[in-house]
Amino acid sequence: MQHPKVQEAAAPLGTRVIASPEVVRFIRERGGRLFIQADRHRCCGGSGVVLLDATTEPPVGGSFLRLEADGFELLLDLSIGQVPDELSIVLRGRRRRRLEAFW
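This write-up is about the structure you can find in this document. Keep in mind that this is a model prediction, so the values were computed, not measured. (Residues numbered from 1 in each chain as written. Predicted model: local features only at pLDDT ≥ 70, side-chain atom pairs only at ≥ 80, totals over all residues. Heavy atoms only, no water.)

**Regarding helix α1 (residues 21–29)**
Next, step 1: Taken together, the buried positions of α1 are Val23, Val24, Phe26 and Ile27. Burial along α1 is one-sided: seen end-on, the buried residues are contained in an arc of 160°. Seen from the buried face of α1, the exposed residues on the opposite side, beyond 90 degrees, are Pro21, Arg28 and Glu29.
Next, step 2: Its buried side turned inward, α1 meets β2 (16–19), β3 (33–38), β7 (86–92) and β8 (98–102). (Buried < 20%, exposed > 50% of the residue type's maximum accessible area, 1.4 Å probe, protein only. Helix = DSSP H or I, 4+ residues; strand = E, 2+ residues; numbered from the N terminus. Arc of directions from axis to C-beta. Contact = heavy atoms within 4.5 Å.)

**A look at the pattern of salt bridges**
Next, step 1: If you walk through the whole model with that rule in mind, you get six salt bridges.
Next, step 2: Of the charged contacts in the structure, one is a salt bridge between Arg30 and Glu29, with a shortest N-O distance of 3.6 Å.
Next, step 3: Relative accessible area serves as the criterion here: at 38%, Arg30 is assigned to the partly exposed category.
Next, step 4: A residue is classified by how much of its surface remains accessible, and Glu29, at 57% relative accessible area, is exposed.
Next, step 5: Overlapping salt bridges bring together Arg92, Arg98 and Glu100 as one network. (Salt bridge = Lys/Arg side-chain N within 4 Å of Asp/Glu carboxyl O.)

**Description of the packing of aromatic side chains**
Next, step 1: Taken as a whole and assessed by the stated rule, the structure comprises one aromatic pair.
Next, step 2: Geometrically, the ring pair formed by Phe35 and Phe64 is edge-to-face, given 5.3 Å between the ring centres and 80° between the ring planes. In this pair, Phe35 sits in strand β3 while Phe64 sits in strand β5 (residues 63–67), placing the two residues 29 residues apart along the sequence.
Next, step 3: On the basis of relative accessibility, which here comes to 0%, the residue Phe35 falls in the buried class.
Next, step 4: Arg30 extends its terminal NZ or CZ atom over the ring of Phe26, reaching a point 3.5 Å from the ring centre. (Phe/Tyr/Trp six-rings, centres within 6.5 Å; stacked < 30°, edge-to-face > 60°. Lys NZ or Arg CZ within 6 Å of the ring centre and 35° of its normal.)

**Considerations on the environment of Asp85**
Next, step 1: Looking at the secondary structure, you find Asp85 in the loop between β6 (73–77) and β7.
Next, step 2: Judged by its relative accessible area of 67%, Asp85 falls in the exposed class.
Next, step 3: Expressed as a C-alpha distance, the spacing of Asp85 and Arg16, which sit 69 residues apart in the sequence, is 6.1 Å.
Next, step 4: Among all residues touching Asp85, those that are not within four sequence positions of it are Gly14, Thr15 and Arg16.

**Section: the nonpolar core**
Next, step 1: Counting residues in hydrophobic clusters, the biggest one holds 21 residues, and the most contacted among them are Leu34, Ile36, Phe72, Leu74, Leu87, Ile89 and Leu99.
Next, step 2: Every element with two or more residues in this core is listed here: α1, β3, β4 (51–55), β5, β6, β7 and β8.
Next, step 3: A per-element tally of this core places α1 first, with four residues.
Next, step 4: The contacts of Leu34, once residues within four sequence positions are left out, are Ile27, Ala54, Thr55, Thr56, Phe72, Glu73, Leu74, Leu75, Ile89 and Leu99. (Core = buried A, V, L, I, M, F, W, Y, C linked by side-chain atoms within 4.5 Å.)

Below you can see the structure in the form of C-alpha cells.
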C-alpha cells in the first residue's frame, strides 16, 4: 500500500477551518487526522460551493498539504489546485456518522 505524501505549508496560509466541538471530537477519536480530497462524484450544481471528500482514513497515494486546524491535523489534497480562505467541516448521519467538507 502506498502511503500519502505530506508536505508542510511553506508559510501560514490563513485558511479558516470551521468545525464544531463535536466534529473535532469525532476526528480526534479516529486518530486526529482529516484528509480532504476533491469529490469526483458530486456536482456543485453551479452553487459556487465546492464539495469535498473528508475522511479520517488515509487514502492510497496522493500528495497532501498539512494545514493548521484547532485540535486536529488537516491534510488537503494538492490536486484540488487551490487552498481555500475558509473550509467548513460538518458531521452528517445519525446511524452512520460521516464527515463532509466544503468551501
